[in-house]
Structures are given as structure tokens and as C-alpha cells.
Amino acid sequence: MLYIGAFTHGAYGVTVNTGACGALDQGSIEAFGRKPGFTGEGGSIPFLGELAKRYPEVQFVATGVLGPQSNAHAIDEMLDLPTAVGVTNAVVTILTAHAQSKES
């Protein structure tokens, strides 16, 4: 389980700064009306762990667009368009906050 604030994700050993958490919260609230949910999958996406080792100072955001009845990786997998739009809008908010933090 991940916690909001400056925290370390055990699966990847990645420390997330408070500014990134604020941007994640803002993006999720604007897109979905609630704070984001976090989960630790025990390194189910090994590539992220490798990126974190190679670039320890970089903050990564991994998103997914699984929505109602999306049936991930099944023969009848589908994309829930409202969820995809919400995730896209949340990422825009996160990138905007990052760009603005670099300008100050």
C-alpha cells in the first residue's frame, strides 16, 4: 500500500516527493472527483523498477485506464472511454503542475 506524502514504494524502492503527491491529488480530484488510489503490486511491471534504479532522481507516474468491465488482457478486452479521458486529463494536470514548478 502506498501513502500520500513523501513515501517510499516498497516494490520499486521509489521515493515520491510531496509536490508530486499534490499534483496527483489535484489531477485525480479534477478528473474523477476524488483522490487517487494507490496499490503495490510487488513489482508486476519490472520495467518501472529498472527505470527507478537507472534514474533515481526522476519521478515516474504509471497510470492505467481500466474501467468498468474492461476485462484486462482478455479476448474481449475493451477501453472504458470516460476512464481514458479522465486519466488523460489527470496526466495533463500533473504535467502542467510539473512545468509550473520548474518555472518558479
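Please refer to the structure higher up on the page.
Quick caveat: nothing in here was measured; it's all calculated off a predicted structure.

1. Considering the overall build of the chain
Next up, step 1: The secondary structure content of the chain amounts to 3 helices and 2 strands.
Next up, step 2: Looking at the chain as a whole, 26% of its 104 residues are labelled buried.
Next up, step 3: Sequence separation of 24 or more characterises 46% of the internal contacts of the chain that already satisfy a separation of 6 or more.
Next up, step 4: About 7400 Å² of surface is accessible on the chain, with carbon and sulfur atoms providing 58% of the total.

2. What to know about the side chain of threonine 83
Next up, step 1: In this structure, threonine 83 sits in helix 3 (residues 81-103).
Next up, step 2: Exposure remark for threonine 83: the relative accessible area of 14% places this residue in the buried category.
Next up, step 3: When near neighbours in sequence (up to four residues on either side) are disregarded, threonine 83 contacts Phe32, Val65, Leu66, Gly67 and Pro68.

3. Notes on the pattern of salt bridges
Next up, step 1: Counted by the stated rule, this structure contains 2 salt bridges.
Next up, step 2: Of the charged contacts, one joins lysine 53 and glutamate 50 as a salt bridge, the two residues approaching to 3.6 Å between their closest N and O atoms. A residue pair is termed a helical-turn pair when its members lie 3 or 4 positions apart in one helix, as lysine 53 and glutamate 50 do in helix 2 (residues 46-54) at 3 residues.

4. Quick word on helix 2
Next up, step 1: Of the residues making up helix 2, those classed as buried are Leu48, Gly49, Leu51 and Ala52. For helix 2, the buried positions fall inside an angular range of 160° around the axis, keeping them on one side. Counted as exposed and oriented over 90 degrees from the buried face of helix 2: Pro46, Phe47, Lys53 and Arg54.

5. Some points on helix 3
Residue pairs three or four apart in sequence face the same way in an α-helix, which turns once every 3.6 residues.
Next up, step 1: A rise of 1.5 Å per residue sets the reference length of helix 3, with its 23 residues, at 33 Å; its end C-alpha atoms lie 33 Å apart and thus fit the reference within 8%.
Next up, step 2: Within helix 3, burial applies to Thr83, Ala84, Gly86, Val87, Ala90, Thr93 and Ile94.

6. Remarks on the side chain of serine 28
Next up, step 1: Here serine 28 lies in helix 1 (residues 18-32).
Next up, step 2: Leave out the neighbours within four places in its chain, and serine 28 touches Gly33, Arg34, Lys35, Pro36 and Ala90.

7. Some details on the environment of threonine 93
Next up, step 1: The residue threonine 93 is located in helix 3 in this model.
Next up, step 2: Given the relative accessible area of 12%, threonine 93 is considered buried.
Next up, step 3: In the structure, threonine 93 is positioned 62 residues away from alanine 31 in sequence and 9.1 Å away in space, judged by C-alpha atoms.
Next up, step 4: Ignoring sequence-local partners within four residues, the contact set of threonine 93 consists of Gln26, Gly27 and Glu30.

Rules used in this analysis
- As a convention, each chain's residues are numbered from 1 in the sequence order in which they are written.
- Where local features are concerned, this predicted model is filtered to residues with pLDDT of at least 70; where side-chain atom pairs are given and counted, the filter is 80 or more; whole-chain, interface and lining totals use all residues.
- Excluding hydrogens and water, the side-chain figures rest on all heavy atoms present in the structure.
- Note on conventions: DSSP H or I runs of at least 4 residues are helices, E runs of at least 2 residues are strands, and numbering of each starts at the N terminus.
- Only protein chains enter the accessibility calculation, which uses a 1.4 Å probe; a residue whose area is less than 20% of its type maximum is buried, one above 50% is exposed, and one in between is partly exposed.
- Contact definition: two residues touch when any of their heavy atoms are within 4.5 Å.
- Shrake-Rupley sampling with a 1.4 Å probe provides the accessible areas, and residues are treated as covered by the protein chains on show and by no other component.
- Salt bridges, as used here, are contacts in which a Lys or Arg side-chain nitrogen is within 4 Å of a carboxyl oxygen on Asp or Glu.
- By arc we mean the arc of the directions from the helix axis to the C-beta atoms, nothing more.
- Given the number of residues in a helix, its expected span is that number minus one, multiplied by 1.5 Å.

The analysis is restricted to geometry; functional conclusions fall outside its scope.
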